[in-house]
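# Tertiary structure, described
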Amino acid sequence: MRRLAGVMAVAGAFLVTVADPALAADDVKAAFPDVEVPVGGTSIDPLGPSLWSTIGPTRLTGVKVSYELSGVDGVRIAPSDIGGGECETPSSTRVVCTDPRGLSFEGETVEQYLPVTVSAAKTATPGDSGTVTITFSADGLTPITGESEVRVVGDRPNLPVTGPSAWMTGAIGLLLVGAGAAGVLAARRPREDRAAA
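Residues numbered from 1 in each chain as written. Predicted model: local features only at pLDDT ≥ 70, side-chain atom pairs only at ≥ 80, totals over all residues. Heavy atoms only, no water.

### Examining the nonpolar core
- With 34 residues, the main nonpolar core has Leu 60, Leu 103, Tyr 113 and Phe 136 as its most contacted residues.
- Every element with two or more residues in this core is listed here: β2 (35-38), β5 (64-70), β6 (75-79), β8 (94-98), β9 (103-105), β10 (116-120), β11 (129-138) and β12 (141-153).
- Once residues lying within four places of it in the same chain are set aside, the contact partners of Leu 103 are Leu 51, Thr 58, Arg 59, Leu 60, Val 63, Val 110, Tyr 113 and Phe 136. (Core = buried A, V, L, I, M, F, W, Y, C linked by side-chain atoms within 4.5 Å. Buried < 20%, exposed > 50% of the residue type's maximum accessible area, 1.4 Å probe, protein only. Helix = DSSP H or I, 4+ residues; strand = E, 2+ residues; numbered from the N terminus. Contact = heavy atoms within 4.5 Å.)

Structure follows, in structure tokens:
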């Protein structure tokens, strides 16, 4: 009976090991993009790490992303509404977010995971830059730390245009291109008809 119990204990330990293998340091990779933030405004894209698995489909638990902003005046970070996680904000330069759902990789890169928004006060100085130190961690995974640069810019024309005005500009551009193409075709047809005659 003792021998049977020992065999069952070993089998149980084996199953636990197979179901929840330890992750190596290189099993998950991360990239840390930079952002630009306009004076008196908020960066168009939220700031967050891009993550991918090097071992195929993987599920992580106990995931956490922490942010620490330094080196620039008049800039603050805050949890983003699109993150979907649970965040704490100890200060305007520090945010820590967790994800009770866990993180699953299905072969694609997960971009801007548990992100923060970056905003600059009207007193911020264009050209100033700072650093956001980002640390991604999960159960059984060696924490991954990187840095993203935050640069203050003078006005929004330096940033990509979005929203209704961008749609209107794009539509006008397409109409002009279409009109130009029609004009070229109309100019070519008489020449082609004379050549055929």
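Further notes follow.
### Regarding the pattern of salt bridges
- According to the stated counting rule, one finds four salt bridges in the structure shown.
- A salt bridge links Arg 94 to Glu 68, with the nearest nitrogen and oxygen atoms 3.1 Å apart. Of the two residues, Arg 94 sits in strand β8 while Glu 68 sits in strand β5, which places them 26 residues apart along the sequence.
- Look at Glu 68 and you get partly exposed, because its relative accessible area is 32%.
- Between Arg 101 and Asp 99 there is a salt bridge whose closest N-O contact spans 2.8 Å. (Salt bridge = Lys/Arg side-chain N within 4 Å of Asp/Glu carboxyl O.)

### Quick word on the side chain of Ser 80
- If you trace the backbone, Ser 80 turns up in the loop between β6 and β7 (86-91).
- Once residues within four sequence positions are removed from consideration, Ser 80 is found in contact with Pro 46, Pro 115, Val 116 and Thr 117.

### Thoughts on unusual backbone geometry
- The phi torsion at Gln 112 lies on the positive side, around 50 degrees, for a residue other than glycine.
- The residue Gln 112 is located in the loop between β9 and β10 in this model.
- Unlike most non-glycine residues, Leu 114 shows phi in positive territory, near 45 degrees.
- With respect to the secondary-structure elements, Leu 114 resides in the loop between β9 and β10.
- Note on Leu 114: relative accessible area 2%, which makes it buried.

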